[in-house]
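Here's the letter readout for the chains.
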Amino acid sequence: MFFSRHHLLYYYRLFIIYAMRKFLYFLFLCSFHFRLLGQELSTMKNSEQIYPGVWCYTLGTPDSITPESTRKIAPDSASLHSMPIIGQCPIEPKGEITSRGVLISLPLEPDELIYGLGLQMQSFQQRGSKKMLRVNADPIINSGDSHAPVPFYVTTNGYGVYIDNARYMTYYLGNKKKKPQQVDSILANTPYEDGWNALNGPYERLGIGKSSEVLIEIPRSKGVKVYIFGGPAMKDAIARYNLFSGGGNVPPRWGLGFWYRVHTDCTQAQMLDLADEFRARNIPCDVLGLEPHWQTNSYSSSYVWSKRFPEPAFMLARLKEKNFRVNMWMQAFVHPKSPIYTELLPWSGDYEVWDGLVPDFITPEAKRIFIDYQKKVNVDIGIAGFKADECDNSDFTGNWSFPEIAHFPSGADGEQMHALFGLRYQDAIMTLFEEKRQRTYNLVRNSGALAAPYPFVLYSDLYDHQTFINSIAQSGFSGLLWTPEVRHAKSREDLLRRLQSAVFSPLTMINAWYLKMPPWKQLDRVKNLCYEIDENSQKLEEECRKWINLRMQLIPYLHAAFVKYKKEGVPPFRALIVDFPEEKDSLKDLCGQYMMGDQLMVVPVTANDREVVEKDIYFPRGKWYDFFTGESVEGGRRYRITVPLDRMPVYVKEGTLLPLAKITNSTEDVNSRLLTVYAYGDISRSFVLYEDDGTWNAPMIENQIKWDSNRKRAVLHSAFYKLEKSILIK
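Procedures and definitions
Residues numbered from 1 in each chain as written. Predicted model: local features only at pLDDT ≥ 70, side-chain atom pairs only at ≥ 80, totals over all residues. Heavy atoms only, no water. Salt bridge = Lys/Arg side-chain N within 4 Å of Asp/Glu carboxyl O. Helix = DSSP H or I, 4+ residues; strand = E, 2+ residues; numbered from the N terminus. Buried < 20%, exposed > 50% of the residue type's maximum accessible area, 1.4 Å probe, protein only. Phe/Tyr/Trp six-rings, centres within 6.5 Å; stacked < 30°, edge-to-face > 60°. Lys NZ or Arg CZ within 6 Å of the ring centre and 35° of its normal. Polar contact = N/O pair within 3.5 Å; in protein donor to acceptor, adjacent residues only side chain to side chain. Pairing = 2+ DSSP bridges. Core = buried A, V, L, I, M, F, W, Y, C linked by side-chain atoms within 4.5 Å. Contact = heavy atoms within 4.5 Å. Axes fitted to C-alpha atoms, helices over the stretch in contact; angles between N-to-C directions. Parallel < 35°, antiparallel > 145°, perpendicular 65-115°, else oblique. Nonpolar A, V, L, I, M, F, W, Y, C, P; charged D, E, K, R; others polar.

A. Quick peek at the pattern of salt bridges. Overall, the coordinates contain 37 salt bridges when judged by the stated rule. The salt bridge involving D692 is made with R439; its shortest N-O contact spans 2.6 Å. Here D692, found in the loop between β32 (687-691) and β33 (701-708), pairs with R439, found in the loop between α10 (414-436) and β19 (442-444); they are 253 residues apart in sequence, far enough to count as distant. Both residues of the pair, D692 and R439, belong to the buried class. Through salt bridges that share partners, D389, D392, R445, D461, E485 and R487 make up one connected network.

Now the structure itself:
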């Protein structure tokens, strides 16, 4: 056959195209092969030590809207610089920008355990799990959904990792293995018996005992900042993260007292009557809480006082005379009848929630409109704080929130706004009180990264008591505070056990939103709404009063723990493994026990419909004293403890000086500064209290309690506190 020059050139070009395609396919296979070898991620080189023990690594171009880029509060630079210097970053992150977003890899040693990632109510130790960090109002499964997901974790190797991003990140926490490049001859020739021959147990399934990695996928991003917080211990890494967040918060003393929330349909007259009843019956209370129907529209909110409260300023003034503060339920979604609806319209997202606007609190305009109105209508007449309800996301469970496809004036989409909405909402409320130069303490149902400085405590509309207990320690890994509020009780035993848990938490509260009378008068909801008082109500009231009294006694001790949180970043409530890392094997899964401050170990128990319960308790090494009986126990082992209903397991470290306040009906009573100091065993340390007069910039003057071993008594020099007596517990 004859081929012209034209034909030859044509076939030559086809050959070249074919060869190039084969070559490109070969390159693709090589790339895939290297990925199988785990070589696709390169070490993130762009790094700097921004504070002692804090490193920032940057990959690509980070998103413009993140927790850090929208933060209100700067890092506590002075406190960070006072921490020990660490010469070398404990780990080196690796990263890659992919067609799916960003992929980060961080190494794990064989027995390294992981804690944190926010308020993970369904899990404690996280290694071996997969978590997608999404805001969810109904976090009932162990998936990563949370009222407060935080992209920060800490490990038993004494470092922490924070990923600054507002996307729904997925964490593979240490048990994902890539296939080998060749057959493992030993494994292939190992004989197996017929039948079940999978992994031997949970320890192996979690990937513990073998070197591994944390893989973090960030969708739809083209870059990210990764922060590494050195230790050398877990407590140090957590402290550095909290100080980077801005340091912890110090509630006013009244915020640490007892709170009571009234029925949602409560009226002004009923509120005043309840306050009088509490004072007459010597039931301590510092804060009364209003629920949704104080306003004309609740879902969404009008922020207009309803007819139930014809004279709110008068009511608040009367309550202040009796030393009550008022906390107000509020929702961020703005009803069309609200006076600020029209002004907020251009500064809101493009989707509604409950027929109301969703303010873009990232923008200064939306914040200013909100702040100016709330200041004028509520704070100027005496409201002391807010309960910021339903600022979380239930779009994929209850389907009431704004969708991820929403857009906001700041440039955030719905996904990013869900991660930031609770935080920026808190910014607006904080700014409101800052401008009044007034300290506050609040409730919120959604929070997130860098939240330690916020005077807000998380709560949930879930009801399981054990879950509430576990969340106290869990929240401490990530700069969060949590209250196991008493919002339901099915029996006397259940009420008292729940109240005990609340007493030893960041905020002690009974939320009687569905009861007309206090629960000690009648636990049955139907009978309570009909004002039928139980025949045993006097006894139950007395039992509840005992635990509320104890909370009032604990305030000086607890206040000192919060000041340490502010100054040093050490959370006031934390898991035992944070304080006793050398006992990791015994404490790694222990989430129902926690430290309150540096001296008290708390172990709340659930009722199980019994007057007396048995509880297995692990005691860290050293001597511990029963808070109620004074009996001592040697640590380093587990005991089975009998717990009658009039006690709960609370233990004091040997060598502790524990200040307890005189019982008063409110923290405004100057007698609340009268102290009894209990000394436990051989006293080896002093205790530091702080003078707090409640003003905006209270100096927090240190008052040191010391032990005079010759005279066998405590010594305190203070213009604020007064020492009444000392008691030695041997």
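Having seen the model, we can carry on.
B. Structural detail: the packing of aromatic side chains. Tallied over the entire structure, the rule returns 46 aromatic pairs. Centre to centre, the rings of Y299 and W354 are 5.0 Å apart; their planes meet at 85°, and the pair counts as edge-to-face. One end of the pair, Y299, is in the loop between β16 (287-290) and α7 (312-321); the other, W354, is in the loop between α8 (341-344) and α9 (364-377), with 55 residues separating them in the sequence. Judged by relative accessible area, which is 39%, Y299 ranks as partly exposed. Taking 5.6 Å as the distance between ring centres and 65° as the angle between the ring planes, the aromatic pair formed by W305 and F309 counts as edge-to-face. Residue classification places W305 among the buried residues on the basis of a relative accessible area of 14%. Above the plane of the ring of F324 lies R279, whose end atom (NZ or CZ) is 3.8 Å from the centre. For R525, the ring lying beneath its charged end belongs to Y514, and the centroid distance is 4.2 Å.

C. Expanded view of helix α11 (residues 465-475). Within α11, ten of the eleven residues are buried, which leaves it mostly tucked inside the rest of the structure. All buried positions along α11 are accounted for by H465, T467, F468, I469, N470, S471, I472, A473, Q474 and S475. Sitting at the head of α11, D464 places a side-chain oxygen 3.5 Å from the backbone nitrogen of Q466.

D. Expanded view of the pairing of strand β21 (residues 508-511). Taking every second residue as pointing to the same face, both faces of β21 are buried, with T508 and I510 on one and M509 and N511 on the other. Sheet topology note: the strand β15 (residues 258-261)/β21 ladder contains four bridges and is parallel. Looking across to β21, one finds that W259 is bridged to M509.

E. Geometry of the nonpolar core. If you look at the biggest cluster of nonpolar residues, it comprises 199 residues, and the most contacted ones within it are Y260, F477 and F504. Residues within four places of F477 in sequence aside, it is in contact with Y115, G116, F124, F152, V154, M234, I238, A575, I577 and V578. Within the second largest apolar cluster, 27 residues are counted, among which are L59, V161, V214 and I218.

F. Summary view of the sheet that holds strand β5 (residues 101-108). With antiparallel pairing, six strands are arranged side by side in an open sheet as β1-β4-β5-β13-β12-β7. Only two strands of the sheet have a single partner each, and these edge strands are β1 (42-43) and β7 (130-132). Relative to strand β13 (residues 212-219), strand β12 (residues 170-173) is paired through four bridges, and the arrangement is antiparallel. Bridging from a neighbouring strand, Y171 pairs with I216 of β13.

G. Structural context of the packing of helix α12 (residues 492-503) against helix α14 (residues 537-568). Axis separation between α12 and α14 bottoms out at 10 Å; the angle between their running directions is 10°. One way to sum up the angle between α12 and α14 is to call them roughly parallel. Contacts between α12 and α14 involve R492, L495, L496, L499, Q500, A502 and V503 on the former and, on the latter, K539, L540, E543, C544, W547, I548, L550, R551 and L554. Each residue belonging to the contact of α12 with α14 can be placed in one class, and the counts come to eleven nonpolar, one polar and four charged.

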